[in-house]
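A look at the structure
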Amino acid sequence: MTEKFTQNIPANAATLPYYKYYLQDMAKVDPTARKKMVQAPIDPKDATPVQDRNDLLKPG
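Residues numbered from 1 in each chain as written. Predicted model: local features only at pLDDT ≥ 70, side-chain atom pairs only at ≥ 80, totals over all residues. Heavy atoms only, no water.

A look at the overall build of the chain
Counting secondary structure elements, the chain contains 3 helices and 0 strands. Each helix and strand of the chain, ordered N terminal to C terminal, gives the series α-α-α. Looking at the chain residue by residue over its 60 residues, the buried ones come to 3%. Carbon together with sulfur atoms contributes 57% to the accessible area of the chain, which is approximately 6,100 Å² in total. (Helix = DSSP H or I, 4+ residues; strand = E, 2+ residues; numbered from the N terminus. Buried < 20%, exposed > 50% of the residue type's maximum accessible area, 1.4 Å probe, protein only. Areas by Shrake-Rupley, 256 points an atom, 1.4 Å probe, with all protein chains shown as cover.)

The structure is reproduced here in structure tokens:
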């Protein structure tokens, strides 16, 4: 997976201090969360409005 991902990174990116993070494999998705993500899309009226996006970072 790393090879496929890194082929889109510009050559000069290797000089950046955070370049090493591009080379790491992505974390596995939690199976419970995956089940929720593949369900049918939610009704837009139930979604968090973009104006309240910071609420997604609140605990609970």
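Describing the packing of aromatic side chains
For the coordinates displayed, the defined rule picks out 2 aromatic pairs. Centroid distance Y18 to Y22: 6.2 Å. Interplanar angle 50 degrees. Geometry classified as tilted. What makes Y18 partly exposed here is its relative accessible area of 43%. Their ring planes at 50 degrees and their centres at 6.3 Å tell us that Y19 and Y22 sit as a pair that is tilted. On the criterion of helical spacing, the pair formed by Y19 and Y22 is a turn pair, its members being 3 residues apart in helix α2 (residues 19-22). A relative accessible area of 29% places Y22 in the partly exposed class. Each member of the aromatic cluster is reached from another via a ring pair, and the members are Y18, Y19 and Y22. (Phe/Tyr/Trp six-rings, centres within 6.5 Å; stacked < 30°, edge-to-face > 60°.)

Considerations on the confidence of the model for the chain
Model confidence for the chain is summarised by a mean pLDDT of 84, while 88% of its residues fall at 70 or above. Confidence scores differ between elements of the chain, with helix α1 (residues 2-6) showing the lowest mean pLDDT of 57 and helix α3 (residues 31-38) the highest of 87. (pLDDT = per-residue confidence, 0-100.)

Things to note about the pattern of salt bridges
Going through the model one piece at a time under the given rule, you end up with 1 salt bridge. Put simply, K58 and D55 hold a salt bridge, and the shortest N to O gap is 3.1 Å. Taking relative accessible area as the criterion, K58 reaches 53% and is therefore assigned exposed. In this structure D55 comes out as partly exposed when scored by relative accessible area, which is 38%. (Salt bridge = Lys/Arg side-chain N within 4 Å of Asp/Glu carboxyl O.)

A few points about a nonpolar patch on the surface
A contiguous nonpolar surface patch, about 310 Å² in accessible area, is contributed by L16, Y18 and Y21. Along the chain, Y18 falls in the loop between α1 and α2. (Patch = residues over 30% accessible without salt bridge, like charges linked within 9 Å, V, L, I, M, F, W, Y side chains within 5 Å.)

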